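A structural walkthrough
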Amino acid sequence: MPAFLWIKNGRVIDPATKRDAVGDVFAVDGKIVDRLGPADRKRAKVVDAKGLVVAPGLVDIHVHFREPGQTHKENILTGSRAAAAGGFTTVVCMPNTSPPIDNAGTLQLVNAAAAKAAVRVYPTACLTVGMKGQQLAPHGTLKNNGAVALTDDGLCIQSNELMRRAVEYAKMFDLPVLDHCQDDSLTDKAVMNEGNVSTRLGLKGWPHAAEDIIVARNIILSHYTGAHIHLQHISSALSVELIRRAKKDGTRITAEATPHHLALTEEALASYDTNFKMNPPLRTEADRQAIIAGLKDGTLDCIGTDHAPHSPDEKDREFDYAPNGILGLETALPVCLKILVGEARCKLPHVIDLMTRRAADILRLPAGTLAPGANADVCVFDPTEQWTYDATKGQSKSRNSPWHGQRLTGRVHTTLVGGKVVFANGKIV
Ligand SMILES: [Zn+2]
Ligand SMILES: [Zn+2]
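Summarised in this report is the structure supplied together with it.

**Here's the deal with helix 2 (residues 76–85)**
With eight of its 10 residues buried, helix 2 lies for the most part within the structure. Taken together, the buried positions of helix 2 are occupied by I76, T78, G79, S80, A82, A83, A84 and A85. Those residues of helix 2 hidden inside the fold are in contact with strand 7 (88–93), helix 3 (104–115), strand 8 (120–123), strand 17 (407–417), strand 18 (420–424) and strand 19 (427–428). Measuring from the backbone nitrogen of L77 back to the side-chain oxygen at the start of helix 2 gives 3.0 Å, which picks out N75 as the cap.

Take a look at the structure:
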């Protein structure tokens, strides 16, 4: 007998189909359908969504799941459970693993682990061999083995000549390039944003110009070659402005912002708490406002968490020596609701759009909508429920979150993948 699903009486928000009304969502055998007949409704699994929002499962095109090689921090299974707990049903993992994902064999290992994950996990692969920025990786082979995009995230190709060849080669295989924009010559030993606060704290600064220069380089190369370049975790106001202009010119540039760059500034570093250390660093209030404006007007296309687990003993070091990065999946929705809806007065459907369809569209993933025929990947959440986030009780293997112990507003109740409940009532199913 087919598997019937009936999600009842929620506020259904599906930006892709412009739906925003109280109603039902139905699925048969893991695919969304318009309706279920009375007999099928009787046999359906029912999810009561009264008083809750029913949205497409969230999509994150920027996560680090540390497999292979650093599975003491996270693995694909635990990372996917953190995703499910955060309402995400499709995630894209970065290839800066150990060894890096730059060949068919490693991709096959990742695909095998992804097949057992709680949510849909798509791999990316390296642009250059070993992420060394010297020699192009075999892009065609990587695509044939499931890579949905190419990136050396964490390291930025410094040679403009090599980057030009990399994006042209990727374009031949119709693969987007995701770039971590950082001119290394400007950020040697840098650990936080360069400015008054870094001077006051006595920490080495990472000037936003190091991001802006590479954003401009990538815009120019995209314009010149016609290649699609996606700019990761944009943190600087000038970068937002450069992207805005590039889009007006019709350049094939897309860009993302993280929840932490939306919500936090460099002032948080006054405590020297390494849970505020990430790359690119938290910047100024003016940068934060520019990122919010960019997400509002479409200059920035989507939210990407840059979920970056690190073990407690690695993070619990002197500020200069602690690794960059924080957890993101389990707190992204409430943080985005707080800033974009609560503070910036965005409409809820717009925020859901940034976290679903628009993210999926960048990499052409089959996700991000509740349209009939789509995968029945669904996030059911309460946008107003208050709760205290306890990172020690999270699904991730790691604990490095700046939101630990904080009151958050907006809580995921149920996450479904392919019509099956994978997370409900605070637990992985
Ligand atoms: Zn990065
Ligand atoms: Zn990253």
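**Describing the packing of helix 12 (residues 332–343) against helix 13 (residues 348–355)**
As a packed pair, helix 12 and helix 13 sit with axes 10 Å apart at the nearest point and diverge in direction by 135°. The pairing of helix 12 with helix 13 is recorded here as oblique in orientation. Classified by chirality, the crossing of helix 13 by helix 12 is right-handed. Contacts from A332, L333, C336, L337, L340 and V341 in helix 12 reach L348, V351, L354 and M355 in helix 13. Grouping the amino acids of the contact of helix 12 with helix 13 by side-chain chemistry returns 10 nonpolar, no polar and no charged.

**Describing the sheet that holds strand 7**
Spatially, the three strands line up as an open sheet ordered 6-7-8, and their pairing is parallel. Edge positions in the sheet fall to strand 6 (58–63) and strand 8, since each of these pairs with one other strand and no more. Taken pair by pair, the neighbouring strands of this sheet meet at an average axis angle of 20°, ignoring direction. As defined by bridge partners, strand 7 adjoins strand 8 across four bridges and the pair is classed as parallel. Note that in strand 8 the partner of C93 across the bridge is P123.

**So, the sheet that holds strand 14 (residues 253–257)**
Read from one edge of the open sheet, five strands run 9-10-13-14-15, paired in parallel fashion. Looking along the sheet, the strands with just one partner apiece sit at the ends: strand 9 (150–151) and strand 15 (302–303). When strand 13 (residues 229–231) meets strand 14, the two strands line up parallel, connected through three bridges. What sits directly across from H230, in strand 14, is T254. Along the sheet, helix 7 (residues 208–225) contacts strand 10 (177–179), strand 13 and strand 14; its crossing angle with strand 13, the most-contacted strand, is approximately 160°.

**Overview of the environment of V378**
Mapped onto the fold, V378 is located in strand 16 (residues 378–388). Classification of V378 by relative accessible area gives buried; the value is 0%. As a C-alpha pair, V378 and R317 span 61 residues in sequence and 39 Å in three-dimensional space. Filtering out sequence-adjacent residues up to four positions away, V378 remains in contact with I7, V54, A55, P56, G57, T89, L370, T414, T415 and L416.

**Re the coordination of the zinc ion (ligand 2)**
Each pair of donors in an ideal four-coordinate tetrahedral metal site encloses 109.5 degrees, whereas pairs in an ideal six-coordinate octahedral site enclose 90 or 180 degrees. Around the zinc ion (ligand 2), the protein supplies H62 (NE2), H64 (NE2), D153 (OD) and D306 (OD) as donor atoms, at distances of 2.1 to 2.2 Å. If you look at the zinc ion (ligand 2), its four donor atoms make angles of 84 to 167° with each other, and the shape they trace is irregular. As a motif over one chain, the donors of the zinc ion (ligand 2) read H-x1-H-x88-D-x152-D. The metal-metal distance between the zinc ion (ligand 2) and the zinc ion (ligand 1) comes to 3.5 Å, with D153 coordinating both. Here the residue H62 occupies a position in strand 6, and D153 occupies one in the loop between strand 9 and helix 5 (160–172), the gap between them amounting to 91 residues. Here D153 falls in the buried class, since its relative accessible area comes to 2%.

**Side note on the packing of aromatic side chains**
The geometry of two aromatic rings is summed up by the distance between their centres and the angle between their planes. Scanning the model with the defined rule gives three aromatic pairs in all. Centre to centre, the rings of W6 and F26 are 6.1 Å apart; their planes meet at 35°, and the pair counts as tilted. In this pair, W6 sits in strand 1 (residues 4–14) while F26 sits in strand 2 (residues 19–28), placing the two residues 20 residues apart along the sequence. Each of the two residues, W6 as well as F26, counts as buried. Seen from their ring centres, Y169 and F173 are 5.2 Å apart, and the 85° between their planes marks the pair as edge-to-face. Positioned above the aromatic ring of W6 is the side chain of R41, whose terminal nitrogen or guanidinium carbon lies 5.0 Å from the ring centre. The residue whose ring lies beneath K277 is F319, and the NZ or CZ to ring-centre distance is 5.6 Å.

**Considerations on the coordination of the zinc ion (ligand 1)**
Looking at the zinc ion (ligand 1), the protein donor atoms are D153 (OD), H180 (ND1) and H233 (NE2), and they sit 2.1 Å from it. Counting gaps between the donor residues of the zinc ion (ligand 1) yields the pattern D-x26-H-x52-H.

**Observations concerning the environment of H228**
If you trace the backbone, H228 turns up in the loop between helix 7 and strand 13. The exposure class assigned to H228 is buried, which follows from its relative accessible area of 13%. Placed 134 residues apart in sequence, H228 and M94 show a C-alpha to C-alpha distance of 18 Å. Here H228 is in contact with P176, V177, R252, T254 and I362, once residues within four sequence places are set aside. Separated by 2.8 Å, the side chains of H228 and T254 make a polar contact.

**Overview of the side chain of D60**
Position of D60 relative to the elements: it lies in strand 6. Here D60 occupies a buried position and makes no salt bridge, while the nearest side chain of opposite charge, R66, is found at 12 Å. Here the side chain of D60 touches T305 through a polar contact of 2.4 Å, side chain to side chain.

**Points about the pairing of strand 2**
Relative to strand 2, strand 1 is paired through nine bridges, and the arrangement is antiparallel. What sits directly across from F4, in strand 2, is V28. Here strand 1 folds back onto strand 2, and the loop between the two strands holds four residues, one of which, K18, carries a positive phi near 55°. Pairing geometry for strand 2 and strand 3 (residues 31–33), over three bridges, is antiparallel. Of the residues in strand 3, the one forming a bridge with A27 is I32. Here strand 2 folds back onto strand 3, and the loop between the two strands holds two residues, one of which, D29, carries a positive phi near 50°.

Calculation notes
Residues numbered from 1 in each chain as written. Chains lettered and ligands numbered in written order. Predicted model: local features only at pLDDT ≥ 70, side-chain atom pairs only at ≥ 80, totals over all residues. Heavy atoms only, no water. Buried < 20%, exposed > 50% of the residue type's maximum accessible area, 1.4 Å probe, protein only. Helix = DSSP H or I, 4+ residues; strand = E, 2+ residues; numbered from the N terminus. Contact = heavy atoms within 4.5 Å. Polar contact = N/O pair within 3.5 Å; in protein donor to acceptor, adjacent residues only side chain to side chain. Axes fitted to C-alpha atoms, helices over the stretch in contact; angles between N-to-C directions. Parallel < 35°, antiparallel > 145°, perpendicular 65-115°, else oblique. Left-handed = near helix turned anticlockwise from the far one by under 90°. Nonpolar A, V, L, I, M, F, W, Y, C, P; charged D, E, K, R; others polar. Pairing = 2+ DSSP bridges. Donors = N, O, S within 2.8 Å, 3.2 Å for Na, K, Ca; no water. Tetrahedral: all angles 85-135°; square planar, octahedral: opposite > 155°, others 65-115°. Phe/Tyr/Trp six-rings, centres within 6.5 Å; stacked < 30°, edge-to-face > 60°. Lys NZ or Arg CZ within 6 Å of the ring centre and 35° of its normal. Lys, Arg positive; Asp, Glu negative; His and termini not counted. Salt bridge = Lys/Arg side-chain N within 4 Å of Asp/Glu carboxyl O.

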